Each structure stands twice: as structure tokens, then as C-alpha cells.
Amino acid sequence: MTLIANALLTLVAALHLYFLVLEMFLWTKPLGLKTFRLTPEFAQASKALAANQGLYNGFLAAGLLWGLSQGAAGHAVQLFFLGCVVVAGLFGAATVSRKIAFIQALPAALGMVAVLLSA
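What you see is a predicted model, and the numbers here were worked out from it, not measured in a lab.

### Regarding the overall build of the chain
- Each helix and strand counted, the chain has six helices and zero strands in total.
- Scanning the chain from its N terminus toward the C terminus, one meets helices and strands in the order α-α-α-α-α-α.
- Taking 14 Å as the expected radius of gyration for a compact globule of 119 residues, we find that the chain reaches 15 Å, a close match to that expectation.
- The dimensions of the chain, computed from C-alpha atoms along their principal axes, are 50 × 25 × 20 Å.
- With 119 residues in all, the chain has 39% of them scored as buried.
- Excluding contacts between residues fewer than 6 apart, the proportion of contacts in the chain whose partners are at least 24 apart in sequence is 56%.

Structural data, given as C-alpha cells:
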């Protein structure tokens with residue numbers, strides 16, 4: 001179960017690093033515009049807000065990788081950051097798009113279960 005937990009933690013961290021790149025560096029580029037269904041004008045006007053959001057995703061990824069680097073001793077850190085991701089994903093699903101529940105919250109929730117079962 002530890003291998004599955006570590007794989008899910010790595011997946012969730014990688015997703016949040018990808019979100020960081022999309023929001024901080026690609027927001028006004030074709031991939032960012034397409035991913036978030038933005039007009040170029042809206043993307044330009046909201047660029048600073050998106051970069052801030054991307055930075056927070058980077059902090060989530062860093063926390064997950066920090067917890068992962070601690071092995072079994074990092075379970076509390078892993079659970080905390082996975083919990084933060086679940087809450088953020090559920091909020092995003094409620095306010096932006098239900099797809100966020102499946103892309104963000106579900107992998108984190110599965111990661112929490114795997115961490116708890118590997119303890």
C-alpha cells in the first residue's frame with residue numbers, strides 16, 4: 001500500500017506543478033487560453049490573479065513532496081496537504097467546474113485513503 005500511496009502523492013504533486021506552470025507562465029498563451037477557455041483580453045486582465053493562484057498550487061506541490069520525502073514519518077504532513085487539495089478541489093468544483101472534483105479532489109482523496117491504509 002505504501003507504493004500506491006507514494007504514487008498517488010507523486011501524481012497529485014505533479015498535477016499541482018502542472019497547474020503552477022499553466023497559471024503562472026501559460027495563462028495568456030494558447031495552451032492556457034484553451035485549457036481555461038479564456039479570451040485573450042480576460043487572460044491579460046486576470047494574469048496577476050492567475051499567477052497568485054499558481055503560486056499556491058506550487059506550495060501544495062512542495063508540501064506534498066516534503067511529506068513524501070519524510071517517508072512514514074511524513075504521514076501527518078502528507079495527510080494535511082492532501083486534505084488541503086481535497087478542500088480546494090471541492091471548492092473549485094462548486095464554484096468553477098465539476099470536472100475539478102475529478103481532476104483535483106478525487107486523486108487527493110484516494111491518496112489520503114492510501115496513506116491511511118499504509119500507516
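The discussion continues.
### Some points on the environment of Q104
- Looking at the secondary structure, you find Q104 in helix α6 (residues 99-118).
- According to the relative accessible area criterion, Q104 is buried, its value standing at 11%.
- Beyond its immediate chain neighbours, meaning those up to four positions away, Q104 contacts H16, N57, V85, A88 and G89.
- A polar contact of 3.1 Å, which involves the side chain of Q104, links it to the side chain of H16.

### A word on the nonpolar core
- Core analysis: the biggest nonpolar cluster contains 15 residues, and V12, L64, L82, V85 and A108 have the highest contact counts within it.
- Listed by contribution, the elements that provide at least two residues to this core are α1 (2-24), α4 (47-69), α5 (75-95) and α6.
- When residues no more than four places from it in sequence are discounted, the contact partners of L64 are L9, V12, A13, Q78, F81, L82 and V85.
- One finds W27, L33, A43 and A50 within the second-largest nonpolar core, a separate group that totals five residues.

### Description of the packing of α1 against α5
- Look at α1 against α5: their axes get within 12 Å of each other, and the N-to-C directions meet at 50 degrees. By the angle class used here, α1 and α5 are oblique. Where α1 crosses over α5, the two elements pack in a sense that is left-handed. Residues L9, V12 and H16 of α1 form the contact with α5, whose own contacting residues are Q78, L82 and V85.

What counts, and where the lines are drawn
- Residues numbered from 1 in each chain as written.
- Predicted model: local features only at pLDDT ≥ 70, side-chain atom pairs only at ≥ 80, totals over all residues.
- Heavy atoms only, no water.
- Helix = DSSP H or I, 4+ residues; strand = E, 2+ residues; numbered from the N terminus.
- Rg over C-alpha atoms; globule rule 2.2 N^0.38 Å.
- Buried < 20%, exposed > 50% of the residue type's maximum accessible area, 1.4 Å probe, protein only.
- Contact = heavy atoms within 4.5 Å.
- Polar contact = N/O pair within 3.5 Å; in protein donor to acceptor, adjacent residues only side chain to side chain.
- Core = buried A, V, L, I, M, F, W, Y, C linked by side-chain atoms within 4.5 Å.
- Axes fitted to C-alpha atoms, helices over the stretch in contact; angles between N-to-C directions.
- Parallel < 35°, antiparallel > 145°, perpendicular 65-115°, else oblique.
- Left-handed = near helix turned anticlockwise from the far one by under 90°.

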